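Overview (structure and organization)
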Amino acid sequence: MTNEKQLDYRVAGTPASERIRARLMASGVRFHANDNIADHIESGEMDELLDEVSLRMQGVLESLVIDTANDHNSQDTARRVAKMYLLEVFGGRYIPPPPVTEFPNAANLNELMIIGPITVRSACSHHLCPVMGKVWIGVMPNQHSNLIGLSKYARLAGWIMSRPQIQEEAVVQLAELLQEKVKPDGLAVIMEADHFCMQWRGVKDNDARMINSVMHGSFLKDPALRREFLSLIKR
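We now turn to the structure provided with this report. Worth saying up front: this structure is predicted, and the values here are computed from it rather than measured. (Residues numbered from 1 in each chain as written. Predicted model: local features only at pLDDT ≥ 70, side-chain atom pairs only at ≥ 80, totals over all residues. Heavy atoms only, no water.)

**Details of the packing of aromatic side chains**
Summed over the entire model, instances satisfying the criterion amount to two aromatic pairs. Ring geometry for F219 versus F229: centroids 5.6 Å apart, planes at 70 degrees, classification edge-to-face. Taken together, the residues F219 in helix α9 (residues 218–221) and F229 in helix α10 (residues 223–233) connect sequence positions 10 residues apart. Per residue, the accessibility class of F219 equals that of F229, and both read buried. Residue placement shows R163 over the ring face of W159; its charged tip is 4.5 Å from the ring centre. (Phe/Tyr/Trp six-rings, centres within 6.5 Å; stacked < 30°, edge-to-face > 60°. Helix = DSSP H or I, 4+ residues; strand = E, 2+ residues; numbered from the N terminus. Buried < 20%, exposed > 50% of the residue type's maximum accessible area, 1.4 Å probe, protein only. Lys NZ or Arg CZ within 6 Å of the ring centre and 35° of its normal.)

**Here we look at the sheet that holds strand β5 (residues 164–165)**
Here five strands make up an open sheet; going across it, the order is β5-β2-β3-β6-β7 and the pairing mixed. Two strands bound the open sheet, and with one partner strand each, they are β5 and β7 (209–217). Sheet analysis places strand β6 (residues 186–195) next to β7, joined by nine bridges and oriented antiparallel. Residue pairing for β7: I190 is matched across the bridge by S213. Sitting on the sheet, α10 is in contact with β2 (113–124), β3 (130–140), β6 and β7, with an inclination near 135 degrees to β3. (Pairing = 2+ DSSP bridges. Contact = heavy atoms within 4.5 Å. Axes fitted to C-alpha atoms, helices over the stretch in contact; angles between N-to-C directions.)

**Quick notes on the layout of surface pockets**
Roughly 570 Å³ of volume is contained in the largest pocket. S17, R21, V53, R93 and Y94 are the residues nearest the centre of the largest pocket, which is lined by 19 residues in total. Mapped onto the lining of the largest pocket, the elements with two or more residues apiece are α2 (16–27), α3 (45–63), α4 (77–89) and α5 (91–94). When its residues are assigned to classes, the lining of the largest pocket shows 13 nonpolar, two polar and four charged. Size it by volume and the second largest pocket reaches roughly 310 Å³. Around the second largest pocket sit 17 residues that line it, and E88, V89, R121, S122 and M132 are the ones nearest its centre. At the level of elements, α4, β2, β3 and α6 (150–161) are the ones that each hand at least two residues to the lining of the second largest pocket. Per-element tally for the lining of the second largest pocket: the top contributor is β2, with six residues. Of the residues in the lining of the second largest pocket, the class split is 11 nonpolar, four polar and two charged. (1 Å grid on protein atoms, 1.4 Å probe; cavity = no way out; pocket = protein on both sides within 12 Å on 5 of 7 lines; lining within 4 Å. Points joined across faces, edges and corners; volume = space filled by probe spheres on them. Nonpolar A, V, L, I, M, F, W, Y, C, P; charged D, E, K, R; others polar.)

**Let's talk about the pattern of salt bridges**
Applying the stated rule across the entire model yields nine salt bridges. Here E48 makes a salt bridge to R19, at a shortest N to O gap of 2.8 Å. Taken together, the residues E48 in helix α3 and R19 in helix α2 connect sequence positions 29 residues apart. Take E48: its relative accessible area is 33%, and that puts it in the partly exposed class. R19 gets classed as buried once you look at its relative accessible area, which sits at 5%. When the shortest N-O distance is used, the salt bridge between R23 and E45 registers 2.7 Å. Of this pair, R23 sits in helix α2 while E45 sits in helix α3, and the two are 22 residues apart along the sequence. (Salt bridge = Lys/Arg side-chain N within 4 Å of Asp/Glu carboxyl O.)

**Here's the deal with empty space enclosed by the protein**
Applying the stated rule across the entire model yields one cavity of 30 Å³ or more. Empty space within the largest cavity amounts to approximately 30 Å³. Every residue lining the largest cavity is listed: S122, V131, M161, Q165, I166, Q167, A170, M191 and H195. Elements supplying a minimum of two residues to the lining of the largest cavity: α7 (167–182) and β6.

The structure is reproduced here in structure tokens:
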């Protein structure tokens, strides 16, 4: 990127969101709701985004005809919601991936490992309603696999899930990330979740859940391994 373009993005008064969007577009990088854009956010811009989202959220509250000036319960709501979105619920869009130390498989482990259930929280990209669920991960390592700490599976799952998205794509993203990090012979990811866009609105069905899975490598090729994994997580 040329210095001239960099200066263009920092024209006085240009919102941080516009500068970040301009960098993403100039780089040809996708920035859908479930994409991570941390590499294109510069120092200090998260604070600017927080101010910007707070201001726009205040406008939403005003358009909802809520008297935030006199209602003590909603006076700071715009700021609280902005912080929740940027730093927590959608944090997986704006922060780099958690550091993961990878260890060689010195003991040549080649038996099934299962991690879970890992509690995950996400949001439906259609209505921004909560998605609350659990993830199970099956790993079949080989002598060339990398081993990572158990807590890192939870951290990586949390990083992927804390974005607006649909469950089907979230599970695929998590499986691809773990395949890249661990390089196992086989990988399985199953997610079961409650969707508040069904429970809180719409059909208002409190019992419906969604379960989906992604299988790679030996979990696809070996039915016995797949059955073993599925039977163990049912316990």
